[in-house]
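Coordinate inspection notes
Listed below, chain by chain, are the residues.
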Amino acid sequence: MTAKKARIAAYRCPSCGTGVMSAVDVSALTAGLSGKSGKGGRIRLRCSDPECPSLTLEERPAMDVEGLSGADGAGKLRFTVPCIFCGHTHSYTVDAATAASRESFVMSCPSSGIDICFIGETDYVKAELARSELEILDMIGDDGDLADVAGFSVDTSKMLPEPEIAETISLTVRFLEDEGKIICKCENPEAYKSEDDEDRIGIEPGPRYMRVFCRGCGAAAIIPAVSQTSVNDFAGSDSLVLEKAD
């Protein structure tokens, strides 16, 4: 067994899409299993996001990680993961030594092929969660559903950005607007007039993103609301370019 035993496991809550992470001590989960049959320790990961639509913690889909002994007597880890895509719960069994030594170990939904569970070093797991977030955004159709994943429909209305992240994006957009640093397709932005006194630049939340758009020409940009870190990068922008939709 490698010395790398402290790992991070993560999945995405099917109720709200939040990335859920927890430390996993592989040696503790598999302690005493060598050469024996049966099960070792178990941990349960459950979404704690106060904005999660599930009313109570007990109602939220949880992921279990437990140690068990394989037929060859070697320690294994069994992951039981609720899937954000197909609505089913998937079970994966991996070699404990491999899970403890690899920088990142990824498990996928067998129906869609999309990654739903991650274990590894903290930075790698966080990167995988961010990548999966962007993958979801890429698949979201114009109607807000995962339209191009046949047979799947995630309620993306429950995956709105966290309030702090939405506020950071909104403040940045308003600052750039005030400074005249939002570039759209309007020939004369100053000529825009609103009957309802609305700002020319509009902001609306989507599933883990904010859409910034011009009411004059219709040009828009999607700002991923993946994490506070990525949003802080946007907050440091010196301009924002809005493009016409296809």
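Values in this document were obtained by computation on a predicted structure and should not be read as measured data.

This part takes up a negative patch on the surface. On the surface, a cluster of negative charge is contributed by Glu51, Glu162, Glu164 and Glu167. For Glu164, a relative accessible area of 48% translates into the label partly exposed.

What follows is about the pattern of salt bridges. What the rule picks out here adds up to eleven salt bridges. Measuring nitrogen to oxygen at the nearest pair gives 2.6 Å for the salt bridge that ties Arg131 to Asp115. Here the residue Arg131 occupies a position in helix α3 (residues 122-139), and Asp115 occupies one in strand β8 (residues 115-120), the gap between them amounting to 16 residues. Owing to a relative accessible area of 34%, Arg131 belongs among the partly exposed residues under this scheme. Between Asp199 and Arg174 there is a salt bridge, and its shortest N-O distance comes to 3.6 Å.

Before going further, it helps to examine the nonpolar core. Core analysis: the biggest nonpolar cluster contains 33 residues, and Met63, Leu77, Phe79, Val81, Met107, Ile116 and Ile119 have the highest contact counts within it. Contacts of Leu77, omitting those with residues within four sequence positions, involve Val26, Leu29, Thr30, Glu66, Gly67, Leu68, Tyr92, Thr93, Val94, Ala96, Ala99 and Ile119. Listed in part, the 21 residues of the second largest apolar core include Ile201, Val212, Cys214 and Ala219.

Another point: the environment of Ala10. By the element assignment, Ala10 lies in strand β1 (residues 6-12). Ala10 gets classed as buried once you look at its relative accessible area, which sits at 0%. Separated by 36 residues in sequence, Ala10 and Arg46 have C-alpha atoms that sit 10.0 Å apart. Apart from residues lying up to four places away in sequence, Ala10 is in contact with Val20, Met21, Leu45, Met63, Ile116, Cys117, Phe118, Val125 and Leu129.

By way of backbone hydrogen bonds, the strands of a sheet pair with one another, either parallel or antiparallel. In spatial order, the strands read β10-β11-β12; together these three strands make up an open sheet with antiparallel pairing. Looking along the sheet, the strands with just one partner apiece sit at the ends: β10 (201-206) and β12 (220-224). Going across the sheet, the axis of each strand differs from the next one's by a mean of 20°, ignoring polarity. Examined bridge by bridge, β10 and strand β11 (residues 209-214) share six bridges and lie antiparallel to one another. By the bridge assignment for β11, Pro205 is matched with Met210. Along the sheet, helix α4 (residues 163-178) makes contact with β10, β11 and β12, crossing β10 at roughly 165°.

Across the sheet, which stays open at both edges, the four strands sit in the order β3-β4-β5-β6 with antiparallel pairing between neighbours. Both edges of this open sheet fall to β3 (39-46) and β6 (89-95), since each of them pairs with a single strand only. Geometrically, the sheet is characterised by an average inter-axis angle of 15° between neighbouring strands, direction not taken into account. Inspection of the sheet shows β3 paired to strand β4 (residues 62-69) by six bridges, in the antiparallel sense. Looking at β4, one finds that Leu45 is bridged to Met63.

Before going further, it helps to spend a moment on the pairing of β12. Taken together, the five bridges between β11 and β12 define a ladder with antiparallel strand orientation. In the sheet register, Val212 faces β12, and the bridge partner there is Ala221. Between β11 and β12, which follow one another and run antiparallel, lie five residues, and Gly218 among them has a positive phi close to 85°.

Cut-offs and rules
- Positions within a chain are numbered from 1, following the residues in the order the chain's sequence is written.
- Reporting of local features is limited, given that this is a predicted model, to residues whose pLDDT is at least 70; pairs of side-chain atoms are given and counted only at 80 or more, and all residues count toward the totals for whole chains, interfaces and linings.
- The side-chain values count all of the structure's non-hydrogen atoms but skip hydrogen atoms and water molecules.
- Residues enter patches when their relative accessible area tops 30% and they take part in no salt bridge; the joining distance is 9 Å for like charges and 5 Å for the nonpolar side chains Val, Leu, Ile, Met, Phe, Trp and Tyr.
- Each accessible area value is a Shrake-Rupley result obtained with a 1.4 Å probe; residue values ignore everything except the protein chains displayed when judging cover.
- Just to be clear on terms, a salt bridge is a Lys or Arg side-chain nitrogen sitting within 4 Å of an Asp or Glu carboxyl oxygen.
- Only four residue types enter the charge count, namely Lys and Arg as positive and Asp and Glu as negative; His and the chain termini do not.
- Here the site of a charge means atom NZ of a Lys, CZ of an Arg, CG of an Asp or CD of a Glu.
- Each residue is placed in one exposure class: buried if its accessible area under a 1.4 Å probe, protein chains only, is under 20% of its type's maximum, exposed if it is over 50%, and partly exposed if it falls in between.
- Here a helix means four or more residues in a row that DSSP labels H or I, a strand means two or more in a row labelled E, and each is numbered from the N terminus.
- Here, nonpolar core refers to any group of buried Ala, Val, Leu, Ile, Met, Phe, Trp, Tyr and Cys residues whose side-chain atoms link them within 4.5 Å.
- Residues are treated as being in contact if the distance between any of their heavy atoms lies within 4.5 Å.
- By this definition, two strands are paired if DSSP reports at least two bridges between them.
- For helices, the axis comes from a line fit to the C-alpha atoms of the stretch in contact; other axes are also lines fit to C-alpha atoms, and the angle between any two N-to-C directions lies between 0 and 180 degrees.

Function cannot be read off these values alone, since they describe shape.
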